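# Summary of the model geometry
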Amino acid sequence: LTLSGPAPSKVLKAPLERAEDDGIVAIAAAGNDSTSEKSYPAAFDSVIAVGATDADGSRSSFSGFGDWVSIYTQGSEFQTIGQAGKGEIRNGTSYSAAVVTGVVARHKSVTPTTSPTDVKERLKATADRNQRGELVLNASRFLAPDQPSQ
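As the structure is a computational prediction, the values presented were derived from the model and not from experiment.

### Concerning the pattern of salt bridges
- Throughout the structure, instances matching the rule amount to five salt bridges.
- As a salt-bridge pair, R59 and E134 come within 2.8 Å of each other at their nearest N and O atoms. With a gap of 75 residues between them, R59 in the loop between β2 (47-53) and β3 (71-74) and E134 in the loop between β6 (128-129) and β7 (135-136) connect regions that are remote in the sequence.
- In this structure, D128 engages R141 in a salt bridge whose closest nitrogen and oxygen atoms are separated by 2.6 Å. Of this pair, D128 sits in strand β6 while R141 sits in helix α4 (residues 139-143); the two residues are 13 residues apart in sequence, bridging distant segments of the chain.
- With relative accessibility at 32%, the residue D128 sits in the partly exposed group.

The structure is reproduced here in structure tokens:
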């Protein structure tokens, strides 16, 4: 999800909780207001909230942040194709959320019964930490097959 607002919405909360109960992973952008105030729907417990980093892993100046943000990944200086078909550089947590969504979708395609809670825990367990101690997506580690227990 790439929408955000300062107030929790009952219209969004209930379906997102049902989706989690059904094994669907919900991922949302943390917002581009450079604030620690919660942004919804990202801040719902049933959602993976994604903040933005620069290419070096430091939090982007515009990104929402705080203990309610689950994971960060690059959201600055994204090369995109604009409506006119020309390359453009864009910034935003929506780009970060799209990256995490793709990585999680790949993981779920191989392990479809993985619960949303297990996905969140795996993101945390395989993440790197930036200078502020925030969790930054390590896609290679997240997607690596588990080693058999000995």
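### Section: the packing of aromatic side chains
- Within the structure shown, the criterion is met by two aromatic pairs.
- Centroid distance Y40 to F44: 5.0 Å. Interplanar angle 55 degrees. Geometry classified as tilted. Neither residue differs from the other here; Y40 and F44 are each classed as buried.
- Ring geometry for F78 and Y95: centres 5.2 Å apart, planes at 20 degrees, overall stacked. Of this pair, F78 sits in strand β4 (residues 78-81) while Y95 sits in helix α2 (residues 93-110), and the two are 17 residues apart along the sequence.
- The partly exposed category is assigned to Y95, whose relative accessible area is 27%.

### Observations concerning unusual backbone geometry
- Following Y40, the chain continues to P41 via a peptide bond in cis, the omega torsion being 15 degrees.
- By the secondary structure assignment, P41 is in the loop between β1 (26-29) and β2.
- A positive phi is found at S34, a non-glycine position, where the angle reads about 50 degrees.
- When you line up the elements, S34 lands in the loop between β1 and β2.
- In the Ramachandran plot, E77 falls in the positive-phi region, its phi being about 55 degrees despite a non-glycine side chain.
- Inspection of the secondary structure puts E77 in the loop between β3 and β4.

### Remarks on the nonpolar core
- In terms of nonpolar packing, the biggest core is built from 16 residues, with I27, I48, I71, V100, V104 and L123 touching the most fellow members.
- Secondary-structure elements contributing two or more residues to this core are β1, β2, α2 and α3 (116-126).
- With four residues, α2 is the single largest residue contributor to this core.
- Once you skip the residues sitting within four places of it in the chain, I71 turns out to touch I48, A49, V50, G51, V100, L123, A127, L135, V136 and L137.

Reading the values: the criteria
- Residues numbered from 1 in each chain as written.
- Predicted model: local features only at pLDDT ≥ 70, side-chain atom pairs only at ≥ 80, totals over all residues.
- Heavy atoms only, no water.
- Salt bridge = Lys/Arg side-chain N within 4 Å of Asp/Glu carboxyl O.
- Helix = DSSP H or I, 4+ residues; strand = E, 2+ residues; numbered from the N terminus.
- Buried < 20%, exposed > 50% of the residue type's maximum accessible area, 1.4 Å probe, protein only.
- Phe/Tyr/Trp six-rings, centres within 6.5 Å; stacked < 30°, edge-to-face > 60°.
- Core = buried A, V, L, I, M, F, W, Y, C linked by side-chain atoms within 4.5 Å.
- Contact = heavy atoms within 4.5 Å.

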